[in-house]
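Fold and geometry: a report
Here's the letter readout for the chains.
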Amino acid sequence: MNKRLKTIPKFKNEDEEREFWATHDSTEYVNWNKANLQTTISPNLHRSVKTISLRLTESMLDNLRVMANERDVPYQSLIKMILQERIKRELYS
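Everything quoted here is computed from the prediction, not taken from an experiment.

1. A closer look at the environment of Leu-56
Note on placement: Leu-56 falls in the loop between α2 (37-40) and α3 (58-71). Leu-56 gets classed as partly exposed once you look at its relative accessible area, which sits at 31%.

2. With respect to a nonpolar patch on the surface
Together, Ile-52, Leu-54, Leu-56 and Met-60 make up a nonpolar patch on the protein surface, roughly 390 Å² of accessible area in all. Here Leu-54 is to be found in the loop between α2 and α3.

3. Quick notes on the packing of aromatic side chains
Here the structure, examined in full by the defined rule, presents 4 aromatic pairs. Note on Phe-20 and Trp-21: the rings are 4.9 Å apart at their centroids and 85° apart in plane angle, and the pair reads as edge-to-face. Judged by its relative accessible area of 13%, Phe-20 falls in the buried class. Cluster of aromatic residues (ring-pair linked, three or more members): Phe-11, Phe-20, Trp-21 and Tyr-29. Over the face of the ring belonging to Tyr-75 we find Arg-65, whose NZ or CZ atom lies 4.7 Å from the ring centre.

4. A word on the pattern of salt bridges
Considering all chains together, one arrives at 4 salt bridges under this definition. With a shortest N-O distance of 2.9 Å, Lys-6 and Glu-28 are connected by a salt bridge. Of the two residues, Lys-6 is situated in the segment before α1 (14-23) and Glu-28 in the loop between α1 and α2; the sequence distance between them amounts to 22 residues. Residue Lys-6 is classed as partly exposed on the basis of its relative accessible area, which comes to 47%. Here Arg-18 ties to Asp-15 by a salt bridge, and the two come within 2.6 Å at their closest N and O atoms. In this pair, Arg-18 and Asp-15 both sit in helix α1, 3 residues apart, roughly one turn of the helix. On the basis of relative accessibility, which here comes to 47%, the residue Arg-18 falls in the partly exposed class.

Rules and cut-offs
Residues numbered from 1 in each chain as written. Predicted model: local features only at pLDDT ≥ 70, side-chain atom pairs only at ≥ 80, totals over all residues. Heavy atoms only, no water. Helix = DSSP H or I, 4+ residues; strand = E, 2+ residues; numbered from the N terminus. Buried < 20%, exposed > 50% of the residue type's maximum accessible area, 1.4 Å probe, protein only. Patch = residues over 30% accessible without salt bridge, like charges linked within 9 Å, V, L, I, M, F, W, Y side chains within 5 Å. Areas by Shrake-Rupley, 256 points an atom, 1.4 Å probe, with all protein chains shown as cover. Salt bridge = Lys/Arg side-chain N within 4 Å of Asp/Glu carboxyl O. Phe/Tyr/Trp six-rings, centres within 6.5 Å; stacked < 30°, edge-to-face > 60°. Lys NZ or Arg CZ within 6 Å of the ring centre and 35° of its normal.

Here you go:
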């Protein structure tokens, strides 16, 4: 017997979505037996970020800024890209 699933509402922000799921049963909205986790993750949900302090030599920061300028991206974004590439290489190679 197929149970008719309810439509997941659109959320304005992560707090609204968190409040909704805290008070609703997900099995009324998702058939977890057939769910593909890649498709059930909200595409508008932003990952939580943690601010850190990182000390770099001036020359290293200058080099990063030059590299970022060549790629037309902010240098902090370039740092995250470099770290992500290295993490993937270390963990999955």
